Amino acid sequence: MSNLELKIARVSTVPFFIVTQLSSPVKALKEAGAAVTIISSDDELGGELRNLVGDGFIPLKMVREIDPVQDLRSLLSLVKVFRSQKFDIVHSTTPKAGLLCAIAGRLAGVKVRLHTYTGQPWVTMTGLKKSILKFCDRTIGYLNTRCYTDSFSQQQFLVSEHIVKADRLSVLGEGSFAGVDLTRFDPKRFSESENASLKRQLGIEPQSKVIVFVGRITKDKGVNELIRSFELLIAEKNDVFLLLVGPYEPDGLAIIESVSCPDVLSRIKVVGFSSTPEMYMSVGDMLCLPSYREGFGTVVIEAAAMGLPTVGTSIYGLTDAVVDGQTGILVPVGDTSALADAIRMLVTNEEILCKMSSAARDRAVNSFDSKRYSELLIAEYRAFFN
């Protein structure tokens, strides 16, 4: 099979994940000769999926929360699509799509059923909901042909929690979901004058250090600790700004609205979701991701490719994405004081900041090129039919 003459469906609950994570591998699969279909709910990013695969986008409503009626409708729709399209491979991501595809794929007789775990929402939960979601992840692992994680520490965690057997769970390359597009995340794309202009537009002083956060603005991403540590830094008269790039979730909005100090508020810049986060990374000095849970933290290697070290939390996933003390600093989850100390070390010590910046960029280039990950994925798909 010289060309990859396979019919492949990539499935996600919402388009966001595919747009931000899967564009490079989808393009590579098409170039290799595969017929690629994307199945996802349709929202404001649906147009980008149509641009990516044209008629190969099948909109199918799936919801993130537990909704028995809608989930049954989605399941039946998926069974119908899988039977009519006769895909060789169905590869899901995101928890709800993973569960629905695992069941629908088995019912429809799809030969190769795959899922990539990218983090477990139940890690921070308790009680019945946690038990239900763990059971769902266990079902995904049982019904699929094979599963993947985007980090070795997540792989170990899932095995230790008896979610998936070790011999049915793999990691591609050094980890991450699809690597990083080094032509897109390249600091040389942005000139000094462009960066200076963007800083002016954002109201950031030219000499100030910039802490960048990219992701959903929500408690689970550690936004509360980030804001509290930033308040400490401003109280100490550190010349820093905080640039938040990502959509609000209700609990995240409440955290930002809780800030009352005018000096702090004036130095927090919220730009919302952006399809070009690299533009904002180009004016940053570091990424901060004090998350409670991450499968890997793709944004970390995207920032690293832009020359930004990361201050993050010492959780599974981020321990793979950040080499503590070399490409960034990891601190305990929920520790505002330790987070402030780590950020302070970088904003006040140019030598350490530059050294970590260079190491982060080198690691991203040498270990996480998306072209390599696309090749690994294609080789994985071929192996099922050899």
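Colleague: Help me out: how do you make sense of the pairing of strand β2 (residues 35-40) in this one?
Modeller: Residues in a regular strand project their side chains so that they alternate between the two faces of the sheet. Of all 6 residues in β2, 5 are buried, a share of seventy percent or more. The pairing of strand β1 (residues 7-11) with β2 spans 5 bridges and is classified as parallel. The residue bridging Arg10 from the neighbouring strand is Ile38, located in β2. In terms of handedness, the path from β1 via helix α1 (residues 15-31) over to β2 forms a crossover that is right-handed.

Colleague: What am I meant to see in the pattern of salt bridges here?
Modeller: When charged atoms on two side chains of opposite charge get close, those side chains can pair. One pass over the full model with this rule turns up 16 salt bridges. Between Arg189 and Glu278 there is a salt bridge, and its shortest N-O distance comes to 3.3 Å. Taken together, the positions of Arg189 in the loop between β7 (169-171) and α7 (192-202) and Glu278 in helix α11 (residues 277-281) put the pair 89 residues apart, joining distant regions of the chain. For Arg189, a relative accessible area of 41% gives the class partly exposed. Where Lys209 meets Glu350, a salt bridge forms, and the shortest distance between an N and an O atom there is 2.6 Å.

Colleague: What is the right way to look at the nonpolar core in this model?
Modeller: The nonpolar side chains of a soluble globular protein tend to be buried with one another. In this structure, Leu29, Ile211 and Ile343 are the most contacted members of the largest nonpolar core, which totals 95 residues. Residue contributions to this core peak at 7 residues, all from α1. In terms of nonpolar packing, the next biggest core, distinct from the first, is built from 17 residues, Leu75, Val81, Val90 and Ala104 among them.

Colleague: Mind showing me how you'd approach the sheet that holds strand β9 (residues 240-245) here?
Modeller: Pairing between the strands of a sheet is mediated by backbone hydrogen bonds and can be parallel or antiparallel. Spatially, 6 strands are ordered β10-β9-β8-β11-β12-β13 in an open sheet, and the strand pairing comes out parallel. With partners counted over all chains shown, the strands left at the sheet margins are β10 (268-272) and β13 (328-331), one partner each. Across the sheet, the mean angle from the axis of one strand to that of its neighbour is 20°, orientation sign disregarded. Pairing geometry for β9 and β10, over 4 bridges, is parallel. The residue bridging Leu242 from the neighbouring strand is Ile268, located in β10.

Colleague: Help me understand the environment of Cys288 in this model?
Modeller: Within the fold, Cys288 resides in strand β11 (residues 286-289). Residue classification places Cys288 among the buried positions, given a relative accessible area of 0%. Linking Cys288 and Thr310, residues 22 residues apart in sequence, is a C-alpha distance of 5.6 Å. With sequence-adjacent residues up to four places away left out, Cys288 is seen in contact with Ile211, Val212, Phe213, Leu226, Val311, Leu339 and Ile343.

Colleague: Would you mind showing me how to read the side chain of Asn144 here?
Modeller: Residue position: Asn144 is located in the loop between α5 (127-143) and β6 (146-149). At a separation of 3.0 Å, a polar atom in the side chain of Asn144 contacts the main-chain carbonyl oxygen of Ile140. Ignoring anything within four residues of it in the chain, the contact list for Asn144 reads Ala102, Arg113, Leu114, His115 and Arg168.

Colleague: Mind showing me how you'd approach the sheet that holds β6 here?
Modeller: In space, the 7 strands of this open sheet follow the order β3-β2-β1-β4-β5-β6-β7, with parallel pairing throughout. Strands at the two margins of the open sheet, each flanked by one partner only, are β3 (57-59) and β7. Across the sheet, the mean angle from the axis of one strand to that of its neighbour is 25°, orientation sign disregarded. Pairing between β1 and strand β4 (residues 89-93): 4 bridges, direction parallel. When the sheet's bridge partners are listed, Val11 is paired in β4 with Ser92. Contacting β1, β4 and β5 (112-117), helix α4 (residues 95-108) runs over the sheet at an angle of about 155° to β4.

Conventions adopted
- Residues numbered from 1 in each chain as written.
- Predicted model: local features only at pLDDT ≥ 70, side-chain atom pairs only at ≥ 80, totals over all residues.
- Heavy atoms only, no water.
- Buried < 20%, exposed > 50% of the residue type's maximum accessible area, 1.4 Å probe, protein only.
- Helix = DSSP H or I, 4+ residues; strand = E, 2+ residues; numbered from the N terminus.
- Pairing = 2+ DSSP bridges.
- Right-handed = clockwise from strand over helix to strand, strands pointing away.
- Salt bridge = Lys/Arg side-chain N within 4 Å of Asp/Glu carboxyl O.
- Core = buried A, V, L, I, M, F, W, Y, C linked by side-chain atoms within 4.5 Å.
- Axes fitted to C-alpha atoms, helices over the stretch in contact; angles between N-to-C directions.
- Contact = heavy atoms within 4.5 Å.
- Polar contact = N/O pair within 3.5 Å; in protein donor to acceptor, adjacent residues only side chain to side chain.

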